[in-house]
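Here is how the chains run, residue by residue.
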Amino acid sequence: MALMKSWVESANSPETDFPLNNLPYGVYDLGDERLFCGAAIGDYIVNLTRLEEEQILDLGGPQLFGWGTFSPVIEAGDVAWDRLRLWLQKTLAQGSPVEETVKRYLDPRAEARMHMPFDVAEYTDFYAGKHHATNVGTMFRGAENALPPNWLSIPIGYNGRASSVVVSGTDVVRPNGQLKGPDDALPHFGPCARWDIELEMGAIVGKPSDSMVSVAEADEMIFGYVLLNDWSARDIQAWEYQPLGPFQAKATATSISPWIVTRAALEPFRTSTPERERPLLPYLKEPGPMHYDIALEVALAPEGKPETVITRTNYKELYYSAAQQLAHHTTSGCPMTVGDLLGSGTISGEAKDSRGSLLELSWGGKEPLTLDSGETRSFLEDGDTVTLRGAAIGDGYKIGFGDCVGKVLPAQPIPDWAKE
Ligand code: CA
């Protein structure tokens, strides 16, 4: 597929995350309290809220864009999804007869402050990266027991907290928690010293289910994708997760990129999951390519210093697709709802510089990274800013996600009653 040309000039640049082929959805304000729903196009956002108000955009149902969230659009179902995408593509295409009218509804993206694009109903986080699971398993249990025995058969995961999902740009406060180092006789309470990132993708469920669904049905239930940083407290995790968990180590914050890239936009970038090392049970078999080729990177910038890209990898490294994870999620009869967010699991490649967490990049703190500023890092310091980026690379264009940014703030002081 080639670049679809738009009358919005900046959308035709091979550098932009947001050509006409993409059209991701986000929620923003322009400096006051008013929230708008919009679609990104080049350096601009098409203001869908105002276009609907003035009856230039009418998808033939109830009001969809006046609620400060894309959840009503997602709930409206795939006929509405297709109508909206088609309307935007026709309206913004080069030669569109309504260019002069719609031009008045473009807001400069640089002036927009982004908000949560949808209401997160529930949050589940998977563990589908084989290189990640192998690396973590090797560090924690030794090379012989690196992969858990179920790993090649089950897309394993845990139920997380929707309340801790935040949009890019939200500062993240280092957590306090119960800690016990390998040489400590007893645990103590204090700030996390091994504060980490996890490079993931998030899939947004757009259709509900009340019984087991096939992988093909699961794929059609997915509305779109975001970048996802699953902030993780490795020291809290190491002490608490025996045998349950993760719990407090993963409950502080999960950042998502502000633009929902639709499944429709990613369609040309479908690819297959890696070859199976152990046959999957029939319910997990994929009828076709269910995965996506999306280049990913993470940059780290100490306070007041330039950033260093610390890892580069690809979404396709994961062993299980989001559709497989969603299909597995439904096997218990667990009802899935519109707005469910599924974290993919940390995405690490095979090479050392393609690992998706500092735990792996610094090998548990034994091999600190040297940043371009000359500073070293095993885990995050206060004031560090972490940026996730991702894009599916087409011929002369890309389907980008926009940055997923978070800055680390110092831990809260520990109250006197919690001190020993
Ligand atoms: Ca995770």
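Note on numbering: residues in each chain are counted from 1, in written sequence order. Given that this is a predicted model, residues contribute local features only at a pLDDT of at least 70 and side-chain atom pairs are listed and counted only at 80 or more, while totals for whole chains, interfaces and linings are drawn from all residues. With hydrogens and water set aside, each side-chain value is computed from the structure's full complement of heavy atoms.

**Thoughts on the overall build of the protein chain**
Just so we agree on the cut-off: Working definition: helices are DSSP H or I runs of at least four residues, strands are E runs of at least two. Numbering for both runs from the N terminus. In this description, contact between two residues means that some pair of their heavy atoms is separated by no more than 4.5 Å. Charged-residue counts in this description rest on Lys and Arg as positive and Asp and Glu as negative, His and the chain ends being excluded. To locate a charge, the coordinates of NZ of Lys, CZ of Arg, CG of Asp or CD of Glu are taken.
Within the protein chain, the secondary structure is distributed over 10 helices and 27 strands. Within the protein chain, contacts between residues at least 6 apart in sequence are counted, and of these 71% link residues at least 24 apart. Side chains of the protein chain give 35 positive and 58 negative charges; the mean places of these two sets differ by 3 Å.

**Focus on the nonpolar core**
Heads up, the rule is: To form a nonpolar core, buried Ala, Val, Leu, Ile, Met, Phe, Trp, Tyr and Cys residues must be joined to one another through side-chain atoms within 4.5 Å. A 1.4 Å probe rolled over the protein chains alone gives each residue an accessible area, and that area as a share of the maximum for its type sets the label: buried under 20%, exposed over 50%, partly exposed in between.
Of all hydrophobic cores here, the largest spans 67 residues; its most connected members are Tyr-225 and Tyr-315. Discounting chain neighbours no more than four positions away, the residues touching Tyr-225 are Met-201, Gly-202, Ala-203, Trp-259, Ile-260, Val-261, Leu-266, Tyr-292, Tyr-315, Ala-322 and Phe-401. Within the second largest apolar cluster, 40 residues are counted, among which are Ala-11, Val-102, Tyr-105 and Leu-228.

**Description of the packing of aromatic side chains**
Threshold: Within 6.5 Å between ring centres, the rings of Phe, Tyr and Trp (the latter by its six-membered ring) count as paired, and their orientation is classed by plane angle as stacked under 30 degrees, edge-to-face over 60, tilted in between. Ring-over charges, as used throughout, are those where CZ of Arg or NZ of Lys falls within 6 Å of the ring centre and within 35 degrees of the ring normal.
Inspection of every chain in the model, using the stated rule, returns 14 aromatic pairs. Ring geometry for Tyr-25 versus Phe-70: centroids 5.0 Å apart, planes at 20°, classification stacked. Of this pair, Tyr-25 sits in strand β1 (residues 25-29) while Phe-70 is found in the loop between α1 (48-53) and α2 (71-75), placing the two residues 45 residues apart along the sequence. Grouped by ring-pair contacts, the aromatic residues Tyr-25, Phe-65, Phe-70, Trp-81 and Phe-223 constitute a single cluster. In this structure, Arg-276 packs its charged tip against the face of Tyr-319, placed 4.1 Å from the ring centre.

**Structural notes on the domain arrangement of the protein chain**
How we decide: Each domain's extent is set by a domain assignment, obtained either automatically or from a database. Two parts placed together each lose some accessible area; with a 1.4 Å probe, that loss summed over both constitutes the buried area. Here, a salt bridge means any Lys or Arg side-chain nitrogen found within 4 Å of an Asp or Glu carboxyl oxygen. Under the rule applied, a polar contact is a pair of N or O atoms within 3.5 Å (in protein, one hydrogen donor and one hydrogen acceptor; residues adjacent in sequence only if both atoms are side-chain atoms).
Per the domain assignment, the segments of the protein chain are domain 1 (9-115) and domain 2 (123-418). Each of domain 1 and domain 2 was reduced to a C-alpha centroid, and the two centroids are 29 Å apart. Counting residues at the interface gives 23 residues for domain 1, matched by 24 residues for domain 2. Across the interface of domain 1 and domain 2, roughly 2,000 Å² is buried in total on both sides, 68% from carbon and sulfur atoms. Our count for the domain 1 to domain 2 interface comes out at 2 salt bridges. Where domain 1 packs against domain 2, one counts 6 residue pairs in polar contact (both at pLDDT 80 or more).

**Re the pairing of strand β21 (residues 308-314)**
Side chains on a regular strand alternate between the two faces of the sheet. Definition in use: The criterion for strand pairing is that DSSP finds at least two bridges linking the strands in question.
Most of β21 is tucked away, with 5 of its 7 residues classed as buried. Direction of pairing for strand β20 (residues 295-301) relative to β21: antiparallel, over a ladder of 6 bridges. Each bridged residue has a counterpart across the sheet, and for Glu-297 the counterpart in β21 is Arg-312. In this structure, the hairpin formed by β20 and β21 is closed by a connection of 6 residues, where Gly-304 is found at a positive phi of approximately 70°.

**As for the sheet that holds strand β4 (residues 106-108)**
Sheet strands pair by backbone hydrogen bonding; their relative direction is either parallel or antiparallel. Note the following rule: Axis definition: a line fitted to C-alpha atoms, limited for helices to the stretch in contact. Angles are taken between N-to-C directions and run from 0 to 180 degrees.
The strand order β4-β3-β2-β1-β5 describes an open sheet built from 5 strands, whose pairing is antiparallel. Two strands close off the open sheet at either side, each with one partner strand: β4 and β5 (113-115). Going across the sheet, the axis of each strand differs from the next one's by a mean of 50°, ignoring polarity. Sheet topology places strand β2 (residues 36-41) next to strand β3 (residues 44-47); 4 bridges connect them, and they run antiparallel. For Ala-39, the partnering residue across the bridge sits in β3 and is Val-46. Across the sheet, helix α3 (residues 78-92) is in contact with β1, β2 and β3; its angle to β1 comes to roughly 75°.

**Side note on unusual backbone geometry**
Residue Pro-243 is reached from Gln-242 by a cis peptide bond, and omega for that bond is -5°. Along the chain, Pro-243 falls in the loop between α7 (234-240) and β16 (254-256). Of note in this structure, Leu-23 is not a glycine but carries a positive phi near 55°. As for its position among the elements, Leu-23 is in the segment before β1.

**Observations concerning the pairing of β2**
β2 sits mainly inside the fold: 6 of its 6 residues count as buried. Side-chain alternation along β2 places Phe-36, Gly-38 and Ala-40 on one buried face and Cys-37, Ala-39 and Ile-41 on a second face that is also buried. Bridging between β1 and β2 involves 4 bridges; their strand directions are antiparallel. Its bridge partner lying in β2, Tyr-28 is registered against Phe-36. Remark: 6 residues form the turn of the hairpin made by β1 and β2, two consecutive strands paired antiparallel; Gly-31 in that turn has positive phi of roughly 110°. Between β2 and β3, which pair antiparallel and follow one another directly, the connecting turn spans 2 residues, one of which, Gly-42, has a positive phi of 55°.

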